[in-house]
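Observations on chain architecture
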Amino acid sequence: MTTTMSSTESTKRSSQPAATPSSAPPAAAHAPAEAKSSLFENVIKQFNKAAGLMGLDPNIGKILSKPQNEITVNFPVRMDDGRVEVFTGYRVQHNSARGPFKGGLRYHPSVNIDEVRALAAWMTWKTALTNIPFGGAKGGIQIDPSKYSTDELQRITRRFTYALGDNIGPEYDIPAPDMNTNPQIMAWILDTYLSTIPPHERQSCTHVVTGKPIVSGGSQGRDKATGQGIVYLVEEWAKDHALDLKSASYTLQGYGNVGSWTARLMKPLGAKLLAVEDHTGAISNPDGIDADRLFEHVRARGGVRGFAKCATIDHVEMLKIKADFFIPAAMENQLTASTAPLLNVRMVAEGANGPTNLEGEAILAQRGIEVLPDFLCNAGGVIVSYFEWLQNKRSEFWDLDEVDTKLRKKILGAYRAVREMAAKHHTDWRTAAYIVAIQNLETVYKERGIFP
Ligand code: NAD
């Protein structure tokens, strides 16, 4: 489906919203040039490996290999200087067998239908793995948000929401933040959606988006949820490997929502942050980088570059640093045939979606570097999004302790299920996570059958 509409709004220029410390768009400046594989093809290859190992019914395999719906919208927005620009936005709804479509919205110049398809499929596996009653979707606009004023971003967001129309809804498809989107953007989507439905339905529809500001119906703990989930998993992995986090060290790529929360929540556990890279460059300090001060620096300066007492290093130097674990929390396709051999760590905790491609994965396996796979590792965000959705539906507000306790239980439940599955099939954790997720989906299809 393609929808095109017109716009008449116009206001004055101001600065960008700053709910997270990210992120001008990246010049993928630090990564060596390498042919990019199709992200969705990677997903399907990962899926096929697990499907083969578990003996998935091929008919169900066929269904899960294709997204249910793909929506592309081209929509015009008036800029502050009076010009009109036409933007392209996507929403891919991969699967809704287990519940409403669920997934983030990304604003980035590299957003395209292949990337959104892959990200939507990962959401299906993530919600099935963690056993929350959602399906999988993802969306985004191909845009460099640093080039637009706050007013322009607001109009772009509202117009995108309007163009999506009934393709989103509180019981149908529920967006959330992803790269370069934040609670402010969710508040604009909420307000636009509510403005287009009858007044008597509005109070019962605030769960059309999650990751909202708290006063607009957001949940305690949603902002930090993805980072918090990563930290709970790293703690558990460290216990399993008799690693004392107080004497452990790690390196990190990305200091936006996921990366900065992970580092700030890791700090009280004692693990030393040796290096951080973002779109402005990479920095290192063998004595450790203070996560809270770095957060303030990024908020003030827009990136990690120039942080006090740190050396400026290049991408390759950052990857080569010896540490216990590496957390990629930025872009996809970062650990590849050329970069995976450089890593000098025991484990990779994938905060980002799709940071390791198939060639990179094979090299990590060969080198005995364990991987906590993305759709397990970064599931904290969607788990707390589910809690937000439930609170909205029930008109409840849970306190932070309640949210954190429930998140920990849910994400560690998934960790243990994957650990058991990996042992059962003598396979890697990514394949094991796929098997757990696919089994949950297969059961639903087997029970319900295929209409008609
Ligand atoms: P964000 O926009 O808040 O931050 C992105 C970070 O990546 C920034 O620090 C930016 O500087 C950095 N970056 C961008 N390009 C880079 C490059 N070429 N080299 C190095 N660093 C670069 O985004 P986010 O919400 O933190 O999301 C990061 C990743 O985590 C994405 O893959 C996203 O899909 C995934 N994720 C996010 C959430 C969430 O709740 N926000 C949940 C699950 C997964």
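Refer to the structure presented above.
Positions within a chain are numbered from 1, following the residues in the order the chain's sequence is written. Given that the model is predicted, a residue must reach a pLDDT of at least 70 before its local features are reported, and side-chain atom pairs must reach 80 or more before they are shown or counted; all residues, however, enter totals for whole chains, interfaces and linings. Working from all heavy atoms in the structure, the side-chain values ignore hydrogens and water.

A pairing counts as a salt bridge when a side-chain nitrogen of Lys or Arg comes within 4 Å of a carboxyl oxygen of Asp or Glu. According to the stated counting rule, one finds 27 salt bridges in the structure shown. We note a salt bridge from E171 to K393, for which the minimum N-O separation is 2.9 Å. Here K393 lies in helix α12 (residues 380-394) and E171 lies in the loop between α4 (150-164) and β6 (173-177), a separation of 222 residues in the sequence. With a 1.4 Å probe rolled over the protein chains alone, any residue whose accessible area is under 20% of its type maximum counts as buried; one over 50% counts as exposed, and the rest are partly exposed. The class of E171 is partly exposed, set by a relative accessible area of 46%. Residue classification places K393 among the partly exposed residues on the basis of a relative accessible area of 40%. A salt bridge links K267 to D292, with the shortest nitrogen-to-oxygen separation between them at 2.7 Å. Helix numbering and strand numbering both begin at the N terminus, where a helix is a DSSP run of H or I of at least 4 residues and a strand a DSSP run of E of at least 2.

As a further point, take the packing of helix α6 (residues 225-240) against α12. Each pair of packed helices can be described by the angle between their axes along with the distance between the axes. For helices, the axis comes from a line fit to the C-alpha atoms of the stretch in contact; other axes are also lines fit to C-alpha atoms, and the angle between any two N-to-C directions lies between 0 and 180 degrees. Close contact between α6 and α12 brings their axes to 7 Å; oriented N to C, the two are set at 125°. Between α6 and α12, the angle is such that the two are oblique. The chirality of how α6 crosses α12 is right-handed. Residues A225, T226 and G229 of α6 form the contact with α12, whose participating residues are G380, G381 and V384. Throughout this entry, Asp, Glu, Lys and Arg are counted as charged residues, while Ala, Val, Leu, Ile, Met, Phe, Trp, Tyr, Cys and Pro are counted as nonpolar. The remaining residues, Gly among them, count as polar. A breakdown of the residues in the contact of α6 with α12 according to their chemical character gives two nonpolar, four polar and no charged. By the definition adopted for this analysis, an angle is roughly parallel if under 35 degrees, roughly antiparallel if over 145, roughly perpendicular if from 65 to 115, and oblique otherwise. In this scheme, a crossing is called left-handed if the near helix is turned counterclockwise away from the far one by less than a right angle; it is called right-handed if the turn is clockwise. Only heavy atoms matter for contacts: two residues are in contact if any of them lie within 4.5 Å across the pair.

All right, on to the pairing of strand β11 (residues 325-328) then. Covered by surrounding structure in β11 are F325 and I327 together with F326 and P328, the residues of both alternating faces. Looking at chain direction, strand β7 (residues 249-253) and β11 are connected through four bridges and run parallel. Counted as the bridge partner of Y250 is F325 from β11. In the sheet, β11 pairs with strand β12 (residues 347-349) via two bridges, with the strands oriented parallel. Across the sheet, the residue bridging to F325 is M347, located in β12. Should DSSP find at least two bridges between two strands, the strands are regarded as paired.

Okay, α12 next. Note that an α-helix has 3.6 residues per turn; residues three or four places apart therefore point the same way. Helix span, as expected, comes to 1.5 Å for every residue beyond the first. Relative to the 21 Å expected for 15 residues at 1.5 Å per residue, α12 spans 21 Å between its end C-alpha atoms, a close match to the ideal helical length. Of all 15 residues making up α12, 13 are buried, and the element is well covered by its neighbours. Immediately beyond the C-terminal end of α12, within one or two residues, lies S395, with a positive phi of roughly 50°.

The strands that make up a sheet pair up through hydrogen bonds in the backbone, lying either parallel or antiparallel. Strands sit in the order β10-β9-β8-β7-β11-β12-β13 across an open sheet of seven strands; the sheet is mixed. Strands with a single pairing partner mark the edges of an open sheet, and in this sheet they are β10 (311-313) and β13 (370-372). When strand polarity is set aside, the average angle formed by the axes of neighbouring strands in this sheet is 20°. Looking at chain direction, strand β8 (residues 272-278) and strand β9 (residues 281-284) are connected through four bridges and run antiparallel. Residue E277 lies in a different strand from β9, and its bridge partner there is A282.

Interpretation in functional terms is not warranted from these geometric data alone.
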